[in-house]
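Spelled out from the first residue to the last, the chains are:
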There are 2 protein chains.
Amino acid sequence: MAGRADVARLAGVSPAVVSYVTNGSHAVGAETRARVLAAIAELGYRPNALARSLATSRSHTLGLLLPDSSNPYFAELSSAIEDAAFAAGFTVLLGNGDDVVEREMTYVRTFLDRQVDGVIVCPSNDFSHGFDELVAAAVPVVSTDRVSRESALPAVVVDNEVGARTATEHLIGHGRTTFACISGHGDMSPAQARAAGWEQALRDADIDVDRDLLAFVDFSAEGGWEATRELLRREPRIDALFVGSDLQAVGALRAIADSGRTAGKDVSVVGFDGIRLGEYISPRLTTVAQPFRDLSKTVVELMVELIDNPDQVDTEPRILPTRLEIRESCGCLPLAAT
Amino acid sequence: MAGRADVARLAGVSPAVVSYVTNGSHAVGAETRARVLAAIAELGYRPNALARSLATSRSHTLGLLLPDSSNPYFAELSSAIEDAAFAAGFTVLLGNGDDVVEREMTYVRTFLDRQVDGVIVCPSNDFSHGFDELVAAAVPVVSTDRVSRESALPAVVVDNEVGARTATEHLIGHGRTTFACISGHGDMSPAQARAAGWEQALRDADIDVDRDLLAFVDFSAEGGWEATRELLRREPRIDALFVGSDLQAVGALRAIADSGRTAGKDVSVVGFDGIRLGEYISPRLTTVAQPFRDLSKTVVELMVELIDNPDQVDTEPRILPTRLEIRESCGCLPLAAT
DNA sequence: TTGAAAGCGCTAACAT
DNA sequence: ATGTTAGCGCTTTCAA
């Protein structure tokens, strides 16, 4: 691989001049510049990003710490973040923490060791130590999806409570009478906020909240499936179900079908997230859609600001609105024959 | 941030000795070693991975170039690869090429600039130039899912043709009479092999292959949906459908439902990939499951071999078996009431 | 067993 | 406008 010195030799200039043209920092004579460019092209020279980073202490790399990028929600989020980062000139170092602190910490350290310019994180409940280490290392952090309550750090999230309330109001509008809710567990996660939104909507409509019909379970299809089965066993009259994530909602739909009921008819279901597949499954999933694009763009913008201006941290979370995507599972659209 | 020099000073040794203990390369006196370790702990010192990489020309970083990690198949694949890489001591730099060569190339260069130790790639059809650049840079490449036919390069794939044949045989076993197939387009992709497997199974069973009922479309739910609609319009008697990917299969199920038919009863459907959600949707998707774990482990193992032994490239592709996962959409299991 | 010194490939003053 | 030089933080040969 040709190095800068080779280019310099070929162009008959000093190595510094080569840097000047690759960086566009210094002014360089037009003719010299042309010669250097020619040499670069001829040798197929590319600056070693590592060496450059070492010298500039800027890696143009972002660490992205997720619980699990195989989860459709995080898959779509990470893809959108990757895209926004790419557009902003950053490459993403990906880490799945699997919601185990030990592993999350390992990734944080790996990121830090590699001198990332910042780290974007969807922290597990017990990640606080991770934040400490991050701020101690003085590297910008922005959290998304889930927000730390203990450490006040920049965050970009969606208005979970309002989204959940809107969804629940929609359910109420369907004239339903027995309301259940499934959400994820965890303090820091949006699960609480979504459950709270559900409760609030019921209260606002003077509907009794039966907390036995509120389940906090694993953030997975299986979690949703099992919870729904149990809920339905406990209270067979449930005819409205708000689920705090689409992944769980898919499991819920499965359980509803298994129980011999028809989602959208016997029980109205609304999910949360707006994963792409929700549009295609049967019944089509009514859901509170998150603006993945905007979310990611905002996260990266915020990150770039923090990188350029490390001291001026605005810990006020950016809150983006959700949009209720009305489809079949709530009972609105005519169900396709199945 | 404390540097190596600080540790050296605190421990009263030369910087080199600090390196000796962090790398465990040189022998170091027990007592000295203890002092250094203590200093490291006290200062919270961590070696700068960039500097280390620059000196050793080993970054312990792998580039992962995918078409689109928000696609459930690639999401699960990438997550499994990330996990295998993590276990092997590598961190993953993620890039979504979006199947556009320009963008793929940008990522290849970005990876190369960052001195990745190797790149794992699911190349688009026109990625050959990317391979050239990679081999020119003498960095190990292993491709997975899709395999280049032009450049003979290490690859880890699944036995697509056999998987598809097995699936189709299963469909035939259901006593179906009118067979359709949807697959992805593209030379390099496994789409061709899966379609070929479908055809082969029909031939082997002396069933006429109606190539009008074979559609190559976009690798997406929408692609599957639209193709199925069109196929059903063209030949309403279709009662068996093999789909070359689960994502497309989800779209196909949607179209079947929309047409007033019942998948699993009126038309038997088998997908390919084995994405997790297939287990939960209605009807539960019968599919040819890929061994994500094994695939990823093999990819990373192969990569590690290549890194340790760059000249000894074994271009013979590793071919892993699939497993037919029988559920509802083919008509085997009793359909849950919907 | 420990230390000195020359890189790794680049940036960024500073000097010319 | 161009070249010189001293790092960036680490590894590694070589000598002590």
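Scroll up to find the structure.
Residues numbered from 1 in each chain as written. Chains lettered and ligands numbered in written order. Predicted model: local features only at pLDDT ≥ 70, side-chain atom pairs only at ≥ 80, totals over all residues. Heavy atoms only, no water.

A.B. asks: It is not clear to me how the pattern of salt bridges should be interpreted in this structure. Could you clarify?
C.D. replies: Side chains that differ in sign of charge can pair as their charged atoms come close. Under the defined criterion, the tally for this structure stands at 45 salt bridges over all chains. Here B:Arg237 makes a salt bridge to B:Glu235, at a shortest N to O gap of 2.9 Å. For B:Arg237, a relative accessible area of 62% puts it in the exposed group. A salt bridge links B:Glu325 to B:Arg323; its shortest N-O distance comes to 3.0 Å. Relative accessible area serves as the criterion here: at 23%, B:Glu325 is assigned to the partly exposed category. Overlapping salt bridges, with partners in common, bring together A:Glu82, A:Asp83, A:Arg293 and B:Arg103 in one network. (Salt bridge = Lys/Arg side-chain N within 4 Å of Asp/Glu carboxyl O. Buried < 20%, exposed > 50% of the residue type's maximum accessible area, 1.4 Å probe, protein only.)

A.B. asks: Help me out: how do you make sense of the pairing of strand E4 (residues 141-144) of chain A in this one?
C.D. replies: The side chains of a regular strand alternate, residue by residue, between the two faces of the sheet. Residues and elements named next belong to chain A. Here E4 shows two buried faces, one formed by Val141 and Ser143 and the other by Val142 and Thr144. Here 3 bridges tie strand E3 (residues 118-121) to E4, and the two strands are oriented parallel to one another. Bridge pairing in E4 links Val121 to Ser143. For the segment spanning E3, helix H7 (residues 128-136) and E4, crossover handedness is right-handed. (Helix = DSSP H or I, 4+ residues; strand = E, 2+ residues; numbered from the N terminus. Pairing = 2+ DSSP bridges. Right-handed = clockwise from strand over helix to strand, strands pointing away.)

A.B. asks: When you look at the protein's contact with DNA strand C in this model, what are you seeing that I'm missing?
C.D. replies: Neighbouring DNA strand C are 27 residues, the closest being A:Arg4, A:Ser19, B:Tyr20, B:Gly29 and B:Thr32. With respect to DNA strand C, the backbone of A:Asn48 contributes an N or O atom lying 3.1 Å from a phosphate oxygen. Broken down by secondary-structure element, the contributors of at least two residues to the surface near DNA strand C are helix H2 (15-23) and helix H4 (49-56) of chain A together with helix H2 (15-23) and helix H4 (49-56) of chain B. Across the surface near DNA strand C, the residue classes break down as 14 nonpolar, 10 polar and 3 charged. (Near = heavy atom within 4 Å. Polar contact = N/O pair within 3.5 Å; in protein donor to acceptor, adjacent residues only side chain to side chain. Nonpolar A, V, L, I, M, F, W, Y, C, P; charged D, E, K, R; others polar.)

A.B. asks: What's the story with the sheet that holds strand E7 (residues 214-217) of chain A in this structure? I'm lost.
C.D. replies: Sheet strands line up and pair through hydrogen bonds in the backbone, either parallel or antiparallel. Residue and element names in this part refer to chain A. Pairing is mixed in the open sheet, where 6 strands are placed in the order E7-E6-E8-E9-E10-E12. Either end of the sheet is taken by a strand with one partner, and the two such strands are E7 and strand E12 (323-325). With strand direction ignored, the average angle separating the axes of adjacent strands in the sheet is 15°. The sheet contact formed by strand E9 (residues 268-273) and strand E10 (residues 286-289) spans 4 bridges and is parallel. Looking at E10, one finds that Asp273 is bridged to Ala289. (Axes fitted to C-alpha atoms, helices over the stretch in contact; angles between N-to-C directions.)

A.B. asks: Help me understand the interface of chain B and chain A, please; the structure alone is not making it clear to me.
C.D. replies: Many analyses report the size of an interface as the accessible area lost when the parts associate. In this assembly, 62 residues from chain B lie in contact with 61 residues from chain A. Roughly 5400 Å² is buried in total at the junction of chain B and chain A, and carbon and sulfur atoms are behind 57% of that figure. By the criterion of area lost to chain A, the three top residues of chain B are B:Leu50, B:Arg254 and B:Tyr280, representing 14% of everything that side buries. Here A:Arg103 ties to B:Asp83 by a salt bridge, and the two come within 2.7 Å at their closest N and O atoms. The tally of links from chain B across to chain A stands at 32 residue pairs in polar contact (both at pLDDT 80 or more). For the side of chain B that touches chain A, the secondary structure elements donating two or more residues are H4, helix H5 (72-87), strand E2 (91-96), helix H6 (101-113), helix H10 (221-234) and helix H11 (246-258) of chain B. At 8 residues, the largest contribution of residues to the side of chain B that touches chain A is made by H5(B). Residue composition of the side of chain B that touches chain A, grouped by class: 25 nonpolar, 20 polar and 17 charged. Taken together, the 3 bridges between strand E2 (residues 91-96) of chain A and E2(B) define a ladder with antiparallel strand orientation. By the bridge assignment, A:Leu93 is partnered in E2(B) with B:Leu93. (Contact = heavy atoms within 4.5 Å. Buried area = accessible area lost by both parts, 1.4 Å probe.)

A.B. asks: Explain the relation of the copies chain B and chain A here, please?
C.D. replies: Related by rotation about an axis and a shift along that axis, the two copies of the chain form a pair. For the match of chain B to chain A, the screw axis carries a shift of 0.0 Å, the RMSD comes to 0.1 Å, and the turn is 180°. Given the turn and translation reported, the copies of this chain are related as if by a two-fold rotation axis. For chain B, the smallest separation between a C-alpha atom and the rotation axis is recorded for B:Leu93, amounting to 2.3 Å. Most of the interface of chain B is mirrored in chain A, where 98% of its interface residues are also at the interface. (Least-squares fit on C-alpha atoms with pLDDT ≥ 70 in both.)

A.B. asks: I tried to follow the protein's contact with DNA strand D on my own but got confused; where do I start?
C.D. replies: Every one of the 26 residues lining DNA strand D counts as a neighbour, but A:Tyr20, A:Gly29, A:Thr32, B:Arg4 and B:Ser19 are closest to it. Among the atoms of DNA strand D close to the protein, meaning within 4 Å, 60% are from sugar or phosphate groups. At 3.0 Å, a side-chain N or O of B:Asn23 approaches a phosphate oxygen of DNA strand D. In the environment of DNA strand D, a phosphate oxygen lies 3.0 Å from a nitrogen or oxygen atom belonging to the backbone of B:Asn48. Listing elements by their share of the surface near DNA strand D, those giving two or more residues are H2 and H4 of chain A together with H2 and H4 of chain B.

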